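# Structure at a glance
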Amino acid sequence: MLEALAVAGRENSNAAVMYHSAMGERLGLGMTEEKTLDLLQRLGPLTAGEIGQHAGLAPATVSGLIDRLEAKWLVRRVRDTKDRRRVIVEINYEQLAGFAELFEPFVAALARLYERYTDDELEVILDFLTRSAAVQREATQALAPE
C-alpha cells in the first residue's frame, strides 16, 4: 500500500506540474509566476516576505518573480496604507480578465470527482492534502539557497 501511495503521489505531482506548465505556457507565464498569482488570488495582497513564506522561495527569487509579474502588468507594488514602510503586492485584476475561464473545465471535473466521496472521506483527503502541502513547502525551503 505504501509503495502504491508513493507511485500515486508521484503521478499526481507529475500531472499537476504538467497541467500548470501547459497552463502557464497558454497564459505566457512561468509556473512559479502562475502559482504566485494563485496565492495572491486566494490569500489577497501579500508582502514579498509573505509570498516567500507561502511559496517556500528565497527572498532574491521572490524579488525577481515580482519584477517579472509587474513587468507583465499582472501585479503592482503598493504602499500599505497603515504602515507606509511596508510594500504589498496586489493583483492587477484588469490584466487577468479571461484567465479564470481557462481553469473552469478542470475545476468542474474536480467538483464531479469530489461528489463520489462521503464527507468523512473528504475530510481525510483534505487532511492529507493539507499535510502533504506543508511537507512540500518545507522541502522547497530546504532547497532554497541561504
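Because the structure is predicted, anything quoted here is derived from the model rather than measured.

### Some points on the pattern of salt bridges
Evaluation of the coordinates by the stated rule reveals 11 salt bridges. For Asp83, the salt bridge goes to Arg85, with nearest N and O atoms at 3.0 Å. Notably, a salt bridge pairs Arg131 with Asp127, separated by 2.7 Å at the nearest N-O pair. One end of the pair, Arg131, and the other, Asp127, are both in helix α6 (residues 119-143), four residues apart, so they sit about a helical turn from each other. Within this structure, Glu33, Arg68 and Lys72 form a network of salt bridges that share partners.

### Looking at the layout of surface pockets
Leftover empty space is mapped by rolling, across the atoms, a probe with the size of a water molecule. Computed from the structure, the largest pocket encloses a volume of approximately 2500 Å³. Forming the boundary of the largest pocket are 47 residues, of which Asn12, Ala16, His20, Lys35 and Gln136 lie nearest the centre. Counting residues per element, the ones that place at least two in the lining of the largest pocket are α1 (2-27), α2 (31-43), α3 (48-55), α5 (99-114) and α6. No other element matches α6, which puts 12 residues into the lining of the largest pocket. Here the residues of the lining of the largest pocket sort into 28 nonpolar, 13 polar and six charged.

### Observations concerning the packing of α1 against α5
Contact geometry of α1 with α5 gives a least axis separation of 11 Å together with a crossing angle of 155°. In terms of axis orientation, α1 runs roughly antiparallel to α5. The crossing of α1 and α5 is right-handed. In contact with Tyr19, Met23, Arg26 and Leu27 of α1, α5 contributes Phe99, Leu102, Phe103 and Phe106.

### Details of the packing of aromatic side chains
Taken as a whole, this structure holds two aromatic pairs when the rule is applied. On the numbers, 6.3 Å between centres and 65° between planes, the contact of Tyr19 with Phe103 is edge-to-face. With Tyr19 in helix α1 and Phe103 in helix α5, the pair connects residues that are 84 residues apart, well separated along the chain. Judged by its relative accessible area of 21%, Tyr19 is partly exposed.

### Digging into unusual backbone geometry
Note: most residues except glycine have negative phi, and most peptide bonds are trans. The phi torsion at Trp73 lies on the positive side, around 65°, for a residue other than glycine. Within the secondary structure, Trp73 sits in the loop between α4 (59-71) and β1 (75-79). You can call Trp73 exposed: its relative accessible area is 61%.

### Focus: the nonpolar core
Membership of the largest hydrophobic core comes to 17 residues, with the highest contact counts inside it found for Leu29, Leu37, Leu40, Ile51, Leu69, Leu74 and Val75. Counting only elements with at least two residues in this core, the list comes to α1, α2, α4 and β2 (87-91). Examining the composition of this core, we find that four residues originate from one element, α4, more than from any other. Excluding anything up to four places from it in sequence, Leu40 contacts Pro45, Leu46, Ile51, Val75, Val89, Ile91 and Tyr93.

### Comments concerning α1
Because an α-helix completes one turn every 3.6 residues, residues spaced three or four positions apart along the sequence face the same direction. Between its first and last C-alpha atoms α1 spans 37 Å; for 26 residues at 1.5 Å apiece the expected length is 38 Å, and the two agree. Buried within α1 we find His20, Met23, Gly24 and Leu27. Along its buried surface, α1 packs onto α2 and α5. Of the residues flanking the end of α1, it is Gly28, one or two places downstream, whose phi is positive at about 75°.

What counts as what
Residues numbered from 1 in each chain as written. Predicted model: local features only at pLDDT ≥ 70, side-chain atom pairs only at ≥ 80, totals over all residues. Heavy atoms only, no water. Salt bridge = Lys/Arg side-chain N within 4 Å of Asp/Glu carboxyl O. Helix = DSSP H or I, 4+ residues; strand = E, 2+ residues; numbered from the N terminus. 1 Å grid on protein atoms, 1.4 Å probe; cavity = no way out; pocket = protein on both sides within 12 Å on 5 of 7 lines; lining within 4 Å. Points joined across faces, edges and corners; volume = space filled by probe spheres on them. Nonpolar A, V, L, I, M, F, W, Y, C, P; charged D, E, K, R; others polar. Axes fitted to C-alpha atoms, helices over the stretch in contact; angles between N-to-C directions. Parallel < 35°, antiparallel > 145°, perpendicular 65-115°, else oblique. Left-handed = near helix turned anticlockwise from the far one by under 90°. Contact = heavy atoms within 4.5 Å. Phe/Tyr/Trp six-rings, centres within 6.5 Å; stacked < 30°, edge-to-face > 60°. Buried < 20%, exposed > 50% of the residue type's maximum accessible area, 1.4 Å probe, protein only. Core = buried A, V, L, I, M, F, W, Y, C linked by side-chain atoms within 4.5 Å. Expected span 1.5 Å × (residues − 1).

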